[in-house]
Each structure stands twice: as structure tokens, then as C-alpha cells.
Amino acid sequence: MNSTWPLLSWLVFTPWAGALLVFVLRSRLPENFARALVLLLSLSTIALGACAVAHFDPAVTGMQLTEKHAWISALNVSYHLGLDGLSLVLVLLTGIISPVALYGTLRHSRCPAIYGALFLVLQGSALGVFVALDFFPWFVFWELSLIPAFFLMKLWGGPGASRAAYQFVIYTIGGSAFMLLGFAALYAAAGTFDFVELAALARDGTLAAKLGGPGAFWPQAVFLGVLLGLAVKVPLFPFHTWLPPAYAEAPTGASMFLTGVMSKMGVYGFLRILWPIFPAPLQAAATLLLWLALGGVVLGAFAALKQTDLKRMVAYSSINHLSYCLLALFAVAAAGSTNPAASAAALSGTILQLFNHGLSAAALFYCVGILEQRSGGKRGLADFGGVRTAAPLFAGLCGIAMFSSIGLPGLNGFVGEFLIFRGVFGLAPWAAATATLGLLATALFLLTFWQRVFHGPAAGAAVNFRDLDRGELLTLLPLITLMFLLGLVPQLLAGLINPLVTTWAATLP
Amino acid sequence: MNPLQLCLILSSLLFCIGLAGALARSNTILVLLGIELMLNAANLNFIAFWRYGPHAATGTGVVFVIFAIAVAAAEAAVGLALVIAVHRHRKSVRLQDANTLKG
Amino acid sequence: MTLAVQHLWLIPALPLAAAVIGALVPRSGRTLAAGAAIGAMAGAFLLACLALAGALADPSAHQVFNFSWFDLGAGALRLGFLLDPLTAFMAVMVTFVSLLIFIFSTGYMKEDANAKQFFCFLSLFAAAMLGLIVANSLLLLFVCWELVGLASYLLIGFWFHKPSAAAAAKKAFITTRIGDLGFLLGLLWLQDAQGTLLFYDGGAGFLEPAALANLSALLPCGLAASTAIGLLVFCGAVGKSGQFPLHVWLPDAMEGPTPVSALIHAATMVAAGVFLIARVYPLMAADQALTGVPVHALTVVAGIGAITALLGALIATAQNDIKRILAFSTVSQLGYMMLALGVGSWVAAIFHLLTHAFFKALLFLGAGSVIHAAHHEQDIRRLGGLSQKMKVTFITFTIGTMALVGVPLFFSGFWSKEAILHAAHGWQVSHLPFYAAVLGVVLTAFYNTRLMAETFFGSSRSENAGHAHENGPAMTLPLVMLAACAVLLSLVNLPSYPWLQAKLLGLHEVHGHPLFEGAGLMGLSVLLVALGIGFGWALYGRHPRAKAESPDPLAARAPGPMSALANRLGFDELYAATVGRLNDALATLSDLLDRFVWGGVIRFLAGLGQFTGLVSRETDERTLNGGFDSTSKGLRGAGQAYSDAQTGEAHGYLRTLALGFVILLILVVLGGAR
């Protein structure tokens, strides 16, 4: 379906154009107006995303709303955008998290215009990653997202931000470099950068033949390169050590976006690139990768138990939650077509988990941000006590976010995790059984956090703690509402992705 | 001993006197006088080589010498003007005092 | 008029709506919140009665209403509601007991500033419990199961400013979650093996014979698949129902307000585990026909139940906190129910569950009444002499105790316990559970006599107890009603007219036996009860404690065992030393791995990069740049030297000139000699 109006281009470039506008006018706009403008531009994504949902037909499992124009014809590079259920879900997530994060943090930020402009660049890049279908533009978006993230982290972050920002960018670029090399080799063999074409080549086996036949050195090397780039981004255990300092030192808004949206880019890459283009090498490596994902689930959760910095703790919980997604994916890849019902459940769970984790982790980061802001920069586990006495509303909403993260039924987190476990159990029962340890540890560290910070007599920075003001309430409410809504009516999202996922599961090798 | 050799011996003596004067005296004007003597020794050589050389009919030696004398006159004028300027500035005509133009 | 199964969701929805109201009203709206909670619960009670009428119209039928929750793969994930006598009886019991407890709470929580939240949580709890009861899907049951856990977490930690309450809430949630993870795995296995989690679905549900036959395949370890699934599901019940070895959370949970203890930890929540096993009983019993398997699922259930029954009763003898004694008695009684389930008489288990819900709620509310009157004094050694000051509480509490102990004929607890003892006695596999149960009967009689004697007789041993007086009707009325039920409930399942049993088993007609069939066993149990009471009275009743500090007569005689029991046999310490230590070790290991190994590798790589950079820089600086530097330095030196020759001394120049002239001269002279 070729729509006449380039909806997806608008979707991606509105934030960028807006960022330019705000940046150019930064000194002429009054601060309040600049804030409102940034917010409005950020909201464009959810509006255009709603248009996309209206034009989207869930029953069609291919790409929709596609736009394709030749870009660099000498290299066979095209400007190719398109959308399927997976992309749509992530576009909607970006559309929700970005304005919420902006609204929640713009008020307290220095230089709101520049902060907002950088944020809009980040938003546009993430959207580009989710809809680009040609490696060339995709990689441009992918790398470009690092730059605003770097500056947001370094300039607005905490005391250790500079070091963390460098580590984050260097580490991620280090991974991407291998991916770029991999794609260069792929291009040399196949002559195209287009994901759809590459996936089609991979399906009928010609890609592996062009790279030198299955089992040869090149397919493995190219696969490893791309894997490394994506694994660092997600991050797959043990490539995760950049994440806790980065999330902890970034300003609250950036942390929300990093964990809510950017961490999904890696998993998206796994689903969009690695899995369709390298099915055979992935299947060969899947058992080892399954162990790594399991390591992320279990050790990530247990490491969180040991953290005394609340932001680092939430960061580790992100590692744990995203590892569930990878666990499901690798289980599906390892098992192949043995159990399509379980595969469909695992893949559905993965996509739902991406969305749900975005909501709950962003909300948790915002809550920790409130604690940090109220106490003048403290965010240690022992710096608070009895916050619930002083701020019952805050405690209630934070508790809902926390239980969503624990995976309590009735809230969104449960659905994704249940489906992942249901799928993984059908494909690799031992992995599912081991991963329950992660569930237990997650409950343990989050409840410990809750007990130490919110319960007990008021102590430390919690004395005279102010409850939520209207702005903070309005920031959290959309997230909390969605947690309930998606927990009770998961069909809202499942309806968008189910046909796609069912097709994936049915056409497994 | 032919006349050319006699002329050359004379000019050599003249040059040596000029050189000795230029080296020995510290008064700038006297040094200039020594230099003029050396110059004139050279002029004498020109005349001698022309007069006793193979092309005595052409007059090239005289032209050389006249040019050299004209240039030497101008040079002397500039040199003396410099000496006066230095004297005004430093109240001295000693050559050793004017040493600021070194590398 | 009956309630159709399509509308069964209304029963949990009413209290849920009350919970939402309770959450949204401001703190001053406590009357509204309490009113909404009580009104909703009364409505739910009426609906439950209508549902019971509907279920009894055809007790053998499992009426279901299934619907799709969301699309999944080629099909959809389906949930549903189920109406059968088990559901209906449970719903009536839960709504009725909850209603009385809600009413009691209006009196008990009168002074608490946060009472509206209390009613919100209570309603949420009741809604979750009712949802669990009406579910026709193991998944929906699990969802409500977890919500029950959440509500209990919130209620146990209701006085969250007390660190002990906050810790107890966390402990309860985590301990039950350990069991829940087993439950979750069982559920996943079932979904994977059967493709459905519906109990009944017109022949396709997993509790129906066609599906159960799939599960008799043997696993590599020799167990049948249904045994493994059943045991995993049973893990959930062990956690929630406070069975050994996960019973440690239940006594700590007494940190919550007393009505919470009554609601959650006596009448309903802990009963959820027993209900779960009764609900999936066909699954649990599916392996009974198999021979040669190492163990049957129900055998494990019976064993755990017997251990718990004995253990709880033993520990209860050495506790001094009135609520803790009741808590351990709950643990013990739940053990009896599990025992009944394990030995094959799930009907006896449900009967005991129902009677226990009433008399244990009565006992907890009675304890709440005592505690409220005695200004939050809970130590029985510091109470005493309340029989005169609080007549209604005393009489109702006595009735509850007699029901719990199993005083013959007139108390419901007697008949339900008889049914369990009979079932245990008739069990073919082993008689050990029966002996444990019999011993438990003596102990139960003993510690309850002690509780009564210490609390109500003798003299007041503290100022608070001395000033106690009877509470208002909001608190005494529920006591009276529960006491009436504790007596009257015997009538629904007398051996001569086992109406409840027949309905639960789906029979239309009730076949009675003589009232005193098996009189030998009954006589034995009556004798044992008398022995326990007599022993208790001899130790504690005849010479009441004079001062709060006087030593316990039993502890004075056997200090070692009694202090071990008082410390709850060291389970908490054991778990802290093993599981807790292991947990810490894992956490530390993960953290260290991150900091030093994974982070170290990355730092090493970064260091390697920096090292190559250093090498490259040194090469550049030393060799390449060094060469250019020295050349240009030489040039500069030469220039310097030449410029030194220009001294500014005109005589020097002239001397050079002269020297040059002389050299020229010499060259000419020497050359001229050619």
C-alpha cells in the first residue's frame, strides 16, 4: 500500500524540523513559550501515530504505509520507510514516552529550549530507527540518536555524567562499528542494503550462498558483527556494564527516554535485522545466547538487589526486563518450528514486554527523579524513610509503577511476562524454570526499595517531603492509566501484532 | 721593469696604505678616507690595465674610472651624511660606538 | 430467582467498585468508603446467595461462561467464570464473613486516621478473593491469587510506619511468591500440554476426563506429568495456605490490624490454597490409578498437611501473643484441611474450611475485641480476668474455642474434624498422618485451654487489662452472629444428613448414615479432647498466674523444648542462614561480576586501546616529530652562529676584508707561480 501522503516521513521529520526551529529561535522565545512549543512538537508523534493506527490493517502482515525513493543510486541505497505491527507498537511507545518525559522534566531543566531541541532530535532518530527499512538510513538514525543522548547526559546529568556519557557513546559506537563492517560485507555480497530484500534473500538461501555457503567463515563473521552491535545496544549480558552508570547519571528525562525507548532499539534490531537476515547462524548460536539472556535475567535482578543507588537499581531492573525479551527470542530461534503455539506466545510476549517495560521503567525513573529532586540530589536507598506518611499520593502512584514492574496481574507488566514465560516454557522448560529466579529477585529488590524508602518512620530526606504537584501528577497519570488499561485489556496491543506474530511463528525454519 | 708593473706596485702600495688607515684609525671620517684610498688604488689599476693592455684605443678604462669616481663621490656624500647623523645622535664619530646594527 | 453464570462477575465487581471508590475519595471520606465497602459486600452476599440457589438447582452441573481475553496465535487466550456448588458455597462464606468483619472494622478502626484506605484495601482483598472463587480458568485464578497477595501485602503493612509491619508485609509477599513461582510453572506446563487453562469448557477443559488422560504419560524421572504439574500447583497452595515449609510468613503477618488477621489469615486468604487444591482435585487425583510411580501428588499433600497440623499445634503451645497463638492454630488447622485433601476427602476439607472460617474469624475478632479493650495489649501473660469485664466477648470467644477444639456434638468444628479424622483413618497408604492428626487434637485442646485460662480467668495482670471494658455493638454484634454460625453450621453436614457433602459431590439426593457411625473413633477423639482440656486446665486454670512475670508452668518443667518452640523451632533463623545467605551471596556475586569481571574486561579493552594510543603517540613524538625537530633546531643554531658573525663592528668587517684580501693575494701569488 503506497499512501500518497508521506505519513512516515512526517512522523520522523516533524521532531527534527521542530528541533531546528526551536534551536534557531532559542534566544528570541520566552522560556514558557519555548517549553510549550517543544511539548507540542513532541506530541506530534502520538497524533501521527494515531493516524498510522487508523490507516493500519493488522491483518496484513507485510510492510504498510511504505515510502521508497532512490537516494544514492550508485550504491543502491534507497530511502525506504515502512511499518508493521512491531514498528507501530514502538512508534506509539515513543509517542507516549517522549512528551511525558519532556513534560515531566522541562520545568526544572536549565536552558529548556536547547534541552528540548536535543530531545526532539533524539525522538526523531528513534522514530527513524523504528520505521527505516534500508540499512543506510537506518544506520544514520541509529548513530544519530547517540549524539543528542550524549549531550543530554553530559550537560544536564549528575556529577559522574561526563565519564558515563563517554563510556556510553564509545561502547555503543564500538559495537556499531562491527555492525557497519558486517553490513559492508553483506552489501559486497548481496548488492543491496534493503532489509526486506535481504530477508527475502535469506529466506530462499541465496544470501548464505553469496556469502560463501553455510558454515563458511563469512556468514559467521558478518552475523557476529551485527550481533555485537545489537547486543551492546540492548544490552545483552555481559555487554551491559555501560548501562547502569549511563542511566544513573543521565538527567531524569533522558533516563526515561533511554530506558523507555532507546533500550527497545536493540531488541527491535534483533527482531527486524538479525533474526530475518541470519536465521541459520542465529539458530546455531541460539543456545549459547539463551544462556546469556538467562544470565541477564537472573544476574541482572540479583545485581539490582545489591545496589544502593536507586537509579542504578532501576537500571539493573531494565537489564533484567529486556533480557526476558531476548530470552523469548532466542528460545524461539533455538527451537525452530517445533512448537508454533509457544513461539507465537513468546513473540507476542516480547513485543508486549517492550511496550510495557517502556511504561513502567519510565514511570519508575520519574519517581526516583522526584525523590532525587526533592532531596537535593540524594538517591541512596538509605537516604529516605517513611515517604508514604508525607506523600501518600506519590507513594501510591510509585507503588503502582513498581508492581507493574514486578509483574503483578491486573497491571500491564504481567501480560508480557506471562506470555514470554508461557512461550519459553514450551520451547525450553529449563530456561523458564531458571528465569523464575529473576521474577523472585525482582520482587525482592523492588519491595526492599519500597520498604526502605516509603515505609517505616519518616527519616532523612523524607521529613517534610512534599506530595506531588499538579505537573508531576499529570506526568504520571497517563503512564499509570495505560498500565491499568493494558493490564486489563491487552487486546488493544495484541490485536495490532497478533497476525504478524502468528505469521512469524508459522513460517519458522 | 715595465711601466705596467710599476703602476701596479704603486697601486698596491696605495691600497695597503688605505687599508692600514681604515683598520688603524677609529675616527669614522679617517676610515672613510682610507677606503677612498683603496678605491683609488683600484681606479689606478683600471687605468694601468687599459693604458698598457691590448685595446688601448677604446677608452673603456677611463669610462670605468669615471663611473667609479662618480659613485665614490655619491658614496662619500652619503657616508659623510651618515657620520654627521651618527655624530648628532651619539656625540661621537668613533666607529666602535656605532655597533647596534648587528645580527 | 437465581444468578446466571453470565452475571457471576458481579460478585467480585461490587467490592472492586467499592475499592475504587475508597481509593478516590479524600481522606475525610472514611464514612463513604466504609459505607461503600459494607454496602457492596452486602450486595455481593445477596448475589452469592442467589448464585448458590442457582448452583443447587443442578448440583452436578458445572455452569461456565467463557470469553476471549486477547488474541494469541491462531486462537485466543480465554478466561471464564464457573458456577458449581463449590464456588457458590465458598462465595457465600467469603461474602458473609467479610461482611461481618467489615462491620467489626468500623468499630475497630474508629480512631485510625487512614481508615478510608483500610476499607479500600479490604474491599480490594475481598474482590480478589471472590474473583479467585468464581474463576473458570487457572490463569484468571492465578491473576486473582496474586491480587490477593497484593491486598494482603498492603493490609499487613497497613501500619507501615512500624518497621516490623513493613518487614512482615514484605516477608509475606516474598514467601508466598516463592510458592507462586511453582504455581506459575505448573500453570505454564499445563497450558503447554493442554493448550487451555479453562477448568471446564464443554469437554475441552483441562479438568475434564478427556484432557486429563493426556497427562498420564511418564516423565524421565518416573513421575506422571499430572503428578509433576499437580505438585507445582501445590507449591502455590503451600505458600498461600502457610503450609510447612513456607509457613513462616503467617505468624509475622499478625502485624496487621486485627480485622485483617481475621479476614486474611483465618477465614479467607489462607483458605485460597485449600480451595485451589479442591478446585483442581481431578488433576491432583489423576495419577491415583497409576501404579509403579514413585509418589502420587495427593500423598505429598497429605504428608505436608500432617506435618503442618502437628507443627502448628506444637508451636502454638509456647507462644504468648494472643494473635500469634491463633495464627499458629490457623497453620495447624490448614494442615488438617490439606491432610483431608491428601487422603482423598476433599469434601471434608471444604467442610472444615467453611466451619473454620466462621469460628476462626470469631476467635480473631474476639481477640481484636480484647486487644481494642485492653489498649493494644496482646501478651496473654499481661491480660487476665477479662471474663467479668467483657461478658459478650468472653462467651462468644468460648464458643469459638470450643468449636476449634472440637467439643462434641454442638459445635461445627467437632463434626468437620471428625470427618477429617475418619478420612485419615481410612487412608490406605499410611497411618502416620492419622497419628499426627490425633496428636494434634490433644495439643489443640491444650493450647486453647491455656489461651482461655490466661486471658479470661485469674486476675488482671496489667493496668491496661484492668481498665478493659466491653466494646460497642459494631464490634459485639459480628461476634454474636459468628458464634451463632459456629454452632449452627454443624447442621449442614451431620453424618445423618450430609447435605453439604452431597451437594459438593453433585448428588441430588442426600444419603445419610447413622449419626454415630464409627463411634469408636469418635469416642477416641472426644477422649483426647477431654485429655487436652484437662491437662491445660490443670496447668493453667487451677492456679491462675498471679503476676505477668511469673514463669510459665510448662516452660519451668521443660525449659529446653519449650524455648525451642517459643522460637518457632528456629525456622526463621534457618531460612536466614540458608536461603537468605544464598540470596545475599548471589547478589554479591552478580554485583562483583559486573564490577570486576564484565566491567573489568571492558576496562581492559579500553586500557588496551589507550595503550596502543600511547605507543602510537610515543612513536610519533620520538621518531617522526623528533627528526623534524632536530633538523629545524640545527638550522636555527646555524642561523644563530652566522648572525653572531655580524657584530656591528665595522672594524671587524674591515679586518675580515683584509684577511680575505691577504688570502686572495697568497692564492694569486702561489697560483701565479704556475
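Just so you know, these numbers come straight off a predicted model, no measurement behind them.

The rules behind each value
- Residues numbered from 1 in each chain as written.
- Chains lettered and ligands numbered in written order.
- Predicted model: local features only at pLDDT ≥ 70, side-chain atom pairs only at ≥ 80, totals over all residues.
- Helix = DSSP H or I, 4+ residues; strand = E, 2+ residues; numbered from the N terminus.
- Buried ≥ 20, exposed ≤ 12 C-beta atoms within 10 Å, placed from the backbone.
- Contact = placed C-beta atoms within 7 Å.
- Rg over C-alpha atoms; globule rule 2.2 N^0.38 Å.
- Nonpolar A, V, L, I, M, F, W, Y, C, P; charged D, E, K, R; others polar.
- Axes fitted to C-alpha atoms, helices over the stretch in contact; angles between N-to-C directions.
- Parallel < 35°, antiparallel > 145°, perpendicular 65-115°, else oblique.
- Left-handed = near helix turned anticlockwise from the far one by under 90°.
- Pairing = 2+ DSSP bridges.
- Expected span 1.5 Å × (residues − 1).
- Core = buried A, V, L, I, M, F, W, Y, C linked by C-beta atoms within 7 Å.

Draft legend 1. A look at the overall build of chain B. Of regular secondary structure, chain B possesses three helices and zero strands. Projected onto its principal axes, the C-alpha positions of chain B cover 50 × 25 × 25 Å. Counting across all 103 residues of chain B, residues that qualify as buried make up 15%. Here the contacts in chain B between residues at least 6 apart in sequence split such that 49% fall between residues at least 24 apart.

Draft legend 2. Broad picture of the overall build of chain A. A count of helices and strands for chain A gives 21 helices and two strands. Its C-alpha atoms give chain A a radius of gyration of 22 Å, near enough to 23 Å, the size a compact globule of 509 residues would have. The principal-axis extent of the C-alpha atoms belonging to chain A is close to 70 × 55 × 40 Å. For chain A, with 509 residues in total, the buried portion stands at 64%. The contacts in chain A between residues at least 6 apart in sequence include a share of 81% that link residues at least 24 apart.

Draft legend 3. How the structure looks around the interface of chain A and chain C. Contacts between the two partners involve 42 residues from chain A, matched on the other side by 39 residues from chain C. Top contributing element to the side of chain A that touches chain C by residue count: helix H19 (residues 429-454) of chain A, with nine residues. Class assignment of the residues belonging to the side of chain A that touches chain C gives a composition of 25 nonpolar, 14 polar and three charged.

Draft legend 4. Unusual backbone geometry, seen in detail. Residue and element names in this part refer to chain A. With an omega of 0°, the peptide bond between Val234 and Pro235 qualifies as cis. Within the element layout of this structure, Pro235 appears in the loop between helix H10 (217-233) and helix H11 (243-249). With an omega of 0°, the peptide bond between Phe237 and Pro238 qualifies as cis. Within the secondary structure, Pro238 is located in the loop between H10 and H11. In the Ramachandran plot, Leu65 falls in the positive-phi region, its phi being about 55° despite a non-glycine side chain.

Draft legend 5. Molecular detail of the packing of helix H18 (residues 412-427) of chain A against helix H6 (residues 163-194) of chain C. At a minimum axis separation of 9 Å, H18 of chain A and H6 of chain C run at an interaxial angle of 65°. Taken together, the axes of H18 of chain A and H6 of chain C lie roughly perpendicular to each other. Crossing handedness for the pair H18 of chain A and H6 of chain C: right-handed. Residues Phe421, Arg422, Phe425 and Gly426 of chain A of H18 of chain A lie in contact with H6 of chain C, whose contacting residues are Leu184, Leu188, Trp189, Gln191 and Asp192 of chain C. When the residues that make up the contact of H18 of chain A with H6 of chain C are grouped by side-chain class, the tally is five nonpolar, two polar and two charged.

Draft legend 6. Structural detail: the pairing of strand E2 (residues 77-83) of chain A. Residue and element names in this part refer to chain A. Across the seven residues of E2, five count as buried, placing the element largely inside the fold. In the sheet, strand E1 (residues 64-72) pairs with E2 via six bridges, with the strands oriented antiparallel. Residue pairing across strands places Ala70 opposite Ser78, the latter belonging to E2. In textbook terms, the turn of a hairpin is the stretch between consecutive antiparallel strands, and for E1 and E2 this stretch comprises four residues, one of which, Asn76, has a positive phi near 60°.

Draft legend 7. Summary view of helix H3 (residues 60-90) of chain B. With 31 residues, H3 of chain B extends 44 Å from end C-alpha to end C-alpha; this agrees with the ideal 45 Å at 1.5 Å per step. A positive backbone phi angle near 55° is found at Lys91 of chain B, which sits one or two residues after H3 of chain B.

Draft legend 8. Representation of the nonpolar core in the model. Grouped together as the largest cluster of nonpolar side chains are 446 residues, with contacts concentrated most on Val89, Leu327, Ala331 and Val424 of chain A together with Phe125 of chain C. Phe15, Ala22, Leu32 and Met38 of chain B belong to the second-largest nonpolar core, a separate cluster that totals nine residues.

Draft legend 9. Representation of the environment of Leu10 of chain B within the structure. Residue and element names in this part refer to chain B. Residue placement: Leu10 occurs in helix H1 (residues 3-24). Accessibility expressed as a C-beta count within 10 Å gives 14 for Leu10, which makes it partly exposed. Distance from Leu10 to Val31, taken between C-alpha atoms, is 21 Å for residues 21 residues apart in sequence.

Draft legend 10. Quick peek at the packing of helix H13 (residues 297-316) of chain C against helix H19 (residues 432-456) of chain C. Residue and element names in this part refer to chain C. Between H13 and H19, the shortest axis-to-axis distance is 9 Å and the interhelical angle comes to 25°. Put simply, H13 runs roughly parallel to H19. Viewed along their axes, H13 and H19 form a crossing whose handedness is left-handed. Taken together, the residues of H19 that come into contact with H13 (itself represented by Ala302, Gly303, Ala306, Ala309, Leu310, Ala313, Leu314 and Ala316) are Leu432, Pro433, Ala436, Ala437, Leu439, Gly440, Leu443, Thr444 and Tyr447. Of the residues contributing to the contact of H13 with H19, the split by class is 14 nonpolar, three polar and no charged.

Draft legend 11. A look at the environment of Gly157 of chain A. Residue and element names in this part refer to chain A. Position of Gly157 relative to the elements: it lies in the loop between helix H6 (146-156) and helix H7 (161-190). Judged by C-beta crowding, with 22 C-beta atoms within 10 Å, Gly157 ranks as buried. On a C-alpha basis, the gap between Gly157 and Ala248 in space is 8.8 Å, while along the polypeptide they are 91 residues apart. Each residue touching Gly157, except ones within four places of it in the same chain, is listed here: Ala165, Glu249, Ala250 and Pro251.

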